[in-house]
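# Descriptive structure summary
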Amino acid sequence: MRETLGVERTEVTCDDACSVADVVQLLRQRGDVWDDVLNNADLLCSVNQELVALDTQLSDGDELGLFPPVTGG
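The present account deals with the structure reproduced in this document. (Residues numbered from 1 in each chain as written. Predicted model: local features only at pLDDT ≥ 70, side-chain atom pairs only at ≥ 80, totals over all residues. Heavy atoms only, no water.)

## Remarks on the packing of aromatic side chains
Heads up, the rule is: Stacked, edge-to-face and tilted are the three classes for Phe, Tyr and Trp ring pairs, Trp counted by its six-membered ring, which pair at centre distances within 6.5 Å; planes under 30 degrees apart are stacked, over 60 edge-to-face, the rest tilted. Each ring is checked for a lysine NZ or an arginine CZ that lies within 6 Å of its centre and within 35 degrees of its normal; such an atom marks a charge sitting over the ring.
In the structure shown here, the tally under the stated rule is zero aromatic pairs. Just above the ring of Trp34 sits the side chain of Arg30; from NZ or CZ to the centre is 4.9 Å.

## Looking at the layout of surface pockets
In plain terms, the rule: In this analysis the probe radius is 1.4 Å and the grid spacing 1 Å, with only protein atoms considered; a cavity is a set of points the probe fits into but cannot get out of, a pocket is an open set with protein on both sides within 12 Å along at least five of seven lines, and lining residues have an atom within 4 Å of a point. Grid points are joined across faces, edges and corners, and a volume is the space filled by probe spheres set on the points. Helix numbering and strand numbering both begin at the N terminus, where a helix is a DSSP run of H or I of at least 4 residues and a strand a DSSP run of E of at least 2. Charged means Asp, Glu, Lys or Arg here, nonpolar means Ala, Val, Leu, Ile, Met, Phe, Trp, Tyr, Cys or Pro, and polar covers whatever is left, Gly included.
Counted as a void, the largest pocket has a volume near 1,100 Å³. What lines the largest pocket is a set of 32 residues, among which Arg9, Thr10, Glu63, Leu64 and Gly65 lie closest to the centre. Those elements giving two or more residues to the lining of the largest pocket turn out to be helix H1 (2-5), helix H2 (20-28), helix H3 (32-38) and strand S3 (64-67). Per-element tally for the lining of the largest pocket: the top contributor is S3, with four residues. Taken together, the residues that form the lining of the largest pocket break down as 16 nonpolar, eight polar and eight charged.

Spelled out as structure tokens, the structure:
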């Protein structure tokens, strides 16, 4: 994802309390590439290095990680 988007990290500011899903939606609004990469129902998310669901509420200073789905074999 970072190679496709051309960034290793970015900061997002929410006006009110927001969830992981809210931040994903804000990032998707940055344009076509962002929308394509983050428009995946199997997107894995972590907050402060713990896997979480999209409805998880974020607090000021939280680190949100977004990962493509992984395959195994």
